[in-house]
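Working through the structure, step by step
Residues per chain, in single letters:
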Amino acid sequence: MDTGGANYAEDISPLQEAIETAHRAGALVVRTTISGLLEGDRRAHGAEGMRDYLRALVAPFKQVMPLAEEYGIPVGIENHQDVCSWELIELCERVGSPQLGVTMDVANALAVGETPSAFAQRVLPILKHVHFKDYTIHPTS
């Protein structure tokens, strides 16, 4: 099950609806994203703005994760070219739900300067789902 992109700091209901739909459909995991940023481009938020944005997600996720816990449905936040492994880990730790973790898109780790293997090693304890892609890297001048 996939929620698409949403600004959960403003409205967590799309994630709640996705968890409910996943439960009714028998889906095994819900994948979600937490921003519309791509290629690690945080200029619109600035360094502190992005930290504030991630902190603002804690309360809405705490509000909806009891439903995921009740249904036994893991929720994986995808590294959608917007956040690093340690940011996802910190967000999940702050929320404190065993059902909240990471959907790892293997290639997207590259967009924020992490190798896929290093990213995977960091998030492995909270990994909920994996997206595979067939990418190649070509050095250029």
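Below or above, wherever it landed, is the structure these notes cover. The shown structure was predicted, so the numbers you read here are calculated from the model rather than taken from an experiment.

**Some remarks on helix α4 (residues 85–95)**
Within α4, the full set of buried residues consists of S85, E87, L88, I89, L91, C92 and V95. Following α4 by one or two positions, G96 adopts a phi angle in the positive range, close to 80°.

**Remarks on the packing of aromatic side chains**
Inspection of every chain in the model, using the stated rule, returns one aromatic pair. With 5.6 Å between their ring centres and 90° between their planes, Y8 and F61 make a pair best called edge-to-face. With a gap of 53 residues between them, Y8 in the segment before α1 (13–25) and F61 in helix α3 (residues 58–71) connect regions that are remote in the sequence. The exposure class of F61 is buried, given its relative accessible area of 0%.

**Quick notes on the sheet that holds strand β4 (residues 127–131)**
One open sheet accounts for four strands, arranged β1-β2-β3-β4; its pairing is parallel. Looking at the sheet topology across the chains shown, the edges are occupied by β1 (30–32) and β4. Averaged over all pairs of adjacent strands, the angle between their axes in this sheet comes to 30°, without regard to strand direction. The sheet contact formed by strand β3 (residues 100–105) and β4 spans four bridges and is parallel. Residue pairing for β4: T103 is matched across the bridge by H129. α1 contacts β1 and β2 (75–78) of the sheet and is inclined by roughly 160° relative to β1.

**A look at the packing of α4 against helix α6 (residues 116–123)**
A pair of packed helices is characterised by two quantities: the angle between their axes and the separation of those axes. Relative to each other, α4 and α6 sit at 15°, their axes nearing to 9 Å. Classed by the angle they form, the pair α4 and α6 counts as roughly parallel. Between α4 and α6 lies a crossing whose hand is right-handed. Only F119, R122 and V123 of α6 make contact with α4, whose side of the interface consists of S85, W86, L88 and I89. Of the residues assigned to the contact of α4 with α6, the class counts are five nonpolar, one polar and one charged.

Rules of the game
- Residues numbered from 1 in each chain as written.
- Predicted model: local features only at pLDDT ≥ 70, side-chain atom pairs only at ≥ 80, totals over all residues.
- Heavy atoms only, no water.
- Buried < 20%, exposed > 50% of the residue type's maximum accessible area, 1.4 Å probe, protein only.
- Helix = DSSP H or I, 4+ residues; strand = E, 2+ residues; numbered from the N terminus.
- Phe/Tyr/Trp six-rings, centres within 6.5 Å; stacked < 30°, edge-to-face > 60°.
- Pairing = 2+ DSSP bridges.
- Axes fitted to C-alpha atoms, helices over the stretch in contact; angles between N-to-C directions.
- Contact = heavy atoms within 4.5 Å.
- Parallel < 35°, antiparallel > 145°, perpendicular 65-115°, else oblique.
- Left-handed = near helix turned anticlockwise from the far one by under 90°.
- Nonpolar A, V, L, I, M, F, W, Y, C, P; charged D, E, K, R; others polar.

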